[in-house]
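# A closer look at the structure
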Amino acid sequence: MLPARLTLVSAEPVSDEQLMLRYRDGNAVAFDELYGRHRGGVFRYVLRQVGLRSAAEEVFQEIWMNIISSRARYRVEARFATFLYHVAHNCVIDHFRRKTPLHLISLDDDPEEAHQVAGPDRDQPERAVALRQSAAKLLNALALLPPEQREVFLLHEEGGLTLEEIAGVTGTGRETAKSRLRYALARLREGIEHEADIA
Amino acid sequence: MKPTLPEDRELEKTGSEVSERYRAGAQDEPPARLDAAIQAAARREVEQPRQRRNWQMPASIAAMLVLGVSLVLVVRDKEPPLPSLEQPAADEAKLAKSAPPQLAMKTPPKPRANFHREERPSRERSARPDREPAARDEAGAAQEDAAASGAVAQSAPAPAPAAPAAAGQAKPAEQEQARIAESSDSSPNKKDKVLADAAKESRSGVQALRKQEAAAPARPREWLDEIDGLLRDGKEAEARRRLLDFRQQYPHYALPERLQALLPPEAAK
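### Quick look at the overall build of chain B
Each helix and strand counted, chain B has 16 helices and zero strands in total. Expressed as a percentage of its 269 residues, the buried residues of chain B come to 23%. Long-range contacts, defined as pairs at least 24 residues apart, comprise 66% of the intrachain contacts of chain B with a sequence gap of at least 6.

Now the structure itself:
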């Protein structure tokens, strides 16, 4: 997490767009606040698609460098999250173009990677184990989704984007995005139930 | 996401269960060293002056200027020099004097703007009837006849009159040159006036030649048809004269027998 000194102290929550405008005007603290809000979501968005943590870190850094370098040209034309995930989408695509084929994480094959993806241990061991098992099942099902459906789900979950915004980021229509999200959710639920039946 | 349609709400409801499970395990975050690196880069970007991008605008302006100036220079070099008011007239006079009449007809001077013809006062033309080439009047009369009768064949004067016309044109030019030579020791104003007069005279002669050339048959076949027309009208002498002109213009053209009979034996071969 970010150090406490980096968070902005303000009575009213400042929007992402305002923070980015402040950063554009030279306020580096505003960037830190903005980064703190989105770092986890963007990282997971990348990690779930790229698979390997090292590759995800590389892409993640590239995304934020793009945001930093484009600060002078930034204009509020849409939500900042839409802009950010648009950049992330393009960086992930570039990554796949550079390094095909896609390497999907199998949580069963590599316990170390599975540990990395599933997240840190919780304070309560039993609950942590249950959550990890549930998340592992879901992540397994997520990894098996077609890339387009997986991306739509991640944009929805991690970016909090609307269907219209997802359509804008992925360059598709709203109905296509909705259809992909519906299929993704259905398959993920099936995957969870299937794992439960096997267990 | 705030669903507005029923199916969107259903989608949201379906997704909520999956979302809950997903979020329970979605704890992956970037390492602290990556956070530090990105935040340091963000600070460097803010602290650095924007000089490194400042070269782009001046460089592009300079490139555009260089391109524009070089284009202007290239275009200006390729453009032919504009003729001065008196230079073409002198050239035309020289051409009329030195070149044979037919050659002078075949290589008319570059067309100039119409204002030369339009600006010339009509009284000047009437004031010097002796210097107007006779061919000009003939051509004008012939064109008027043609316009009245509608007969194209009769309206076209032969190229042969162009020769005397050119000769007639050359004479005034010579006279003017002689006049210029005589008046070389006179006052500059007078000299300029003489030069301007000579230019106008030469121009009018060249224009008459152009008219004649335009009125003359463009092709031998048309010319011969015109001669046939004269024969049909009973103008045998005129037809013979035109045929001689034709033979002079096209010495190797194979004439029909009926026309060969009109020519003298030495010209018919």
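Once the structure has been displayed, the description carries forward.
### Regarding the environment of Trp223(B)
Residues and elements named next belong to chain B. As for its position among the elements, Trp223 is in helix 13 (residues 220–232). The class for Trp223 is buried, based on 23 C-beta atoms found within 10 Å. Considering only alpha carbons, one finds Trp223 and Arg242, 19 residues apart in sequence, at a separation of 8.6 Å.

### Here's the deal with helix 1 (residues 16–24) of chain A
All names here are of chain A. Taken residue by residue, helix 1 has Leu19, Met20 and Tyr23 as its buried positions. Down the axis of helix 1, the buried set is contained in an arc of 95 degrees. They therefore lie on one face. Against helix 2 (28–50) and helix 4 (80–98) lie the buried residues of helix 1. Phi turns positive one or two residues past the end of helix 1, at Gly26, with a value near 110 degrees.

### Points about the confidence of the model for chain A
All names here are of chain A. When the pLDDT values of chain A are averaged, the result is 80; 75% of them are 70 or greater. The weakest mean pLDDT in chain A belongs to helix 5 (residues 111–118) at 44; the strongest belongs to helix 3 (residues 53–69) at 93. For residues 1–8, every residue scores under 50 in pLDDT, and the model assigns this stretch 13 contacts once sequence neighbours within four places are set aside. Note on residues 102–123: pLDDT under 50 across the span, and 34 contacts to partners over four residues away in sequence or across chains.

### A short note on the nonpolar core
Residues Val46(A) and Ala88(A) are the most contacted members of the largest nonpolar core, which totals 53 residues. Ranked by residue count, the leading element in this core is helix 2 of chain A, at ten residues. In this structure, Trp223(B), Ala239(B), Phe246(B) and Leu262(B) belong to the second largest nonpolar core, which totals six residues.

### Regarding the confidence of the model for chain B
All names here are of chain B. Looking at chain B as a whole, its pLDDT mean stands at 66, while 46% of the residues score no less than 70. Least confident of the elements in chain B is helix 10 (residues 152–155), whose mean pLDDT is 40; most confident is helix 2 (residues 32–47), at 91. For residues 101–142, every residue scores under 50 in pLDDT, and the model assigns this stretch 56 contacts once sequence neighbours within four places are set aside. Between residues 144–168, whose pLDDT stays under 50, and residues either more than four places distant or in other chains, the model counts 57 contacts.

### Quick notes on the packing of helix 7 (residues 147–157) of chain A against helix 8 (residues 163–170) of chain A
All names here are of chain A. Remark: helix 7 packs on helix 8, axes separated minimally by 10 Å, with the N-to-C direction vectors making an angle of 130 degrees. Looking at the two axes, helix 7 sits oblique to helix 8. Between helix 7 and helix 8 lies a crossing whose hand is right-handed. Here helix 7 contributes Glu151, Val152, Leu155 and His156 to the contact with helix 8, which in turn contributes Ile166, Val169 and Thr170. Across the contact of helix 7 with helix 8, the residue classes tally to four nonpolar, two polar and one charged.

### Describing helix 3 of chain A
Residue and element names in this part refer to chain A. Between its terminal C-alpha atoms helix 3 stretches 24 Å, which fits the 24 Å expected from 17 residues at 1.5 Å a residue. What helix 3 keeps buried is the set Arg53, Ala56, Val59, Phe60, Ile63, Trp64 and Ile67. Taken down its axis, helix 3 places every buried residue within 135 degrees of arc, on the same side. Of the exposed residues in helix 3, the ones pointing more than 90 degrees away from its buried face are Ser54 and Ser69.

Thresholds, definitions, all that
Residues numbered from 1 in each chain as written. Chains lettered and ligands numbered in written order. Predicted model: local features only at pLDDT ≥ 70, side-chain atom pairs only at ≥ 80, totals over all residues. Helix = DSSP H or I, 4+ residues; strand = E, 2+ residues; numbered from the N terminus. Buried ≥ 20, exposed ≤ 12 C-beta atoms within 10 Å, placed from the backbone. Contact = placed C-beta atoms within 7 Å. Arc of directions from axis to C-beta. pLDDT = per-residue confidence, 0-100. Core = buried A, V, L, I, M, F, W, Y, C linked by C-beta atoms within 7 Å. Axes fitted to C-alpha atoms, helices over the stretch in contact; angles between N-to-C directions. Parallel < 35°, antiparallel > 145°, perpendicular 65-115°, else oblique. Left-handed = near helix turned anticlockwise from the far one by under 90°. Nonpolar A, V, L, I, M, F, W, Y, C, P; charged D, E, K, R; others polar. Expected span 1.5 Å × (residues − 1).

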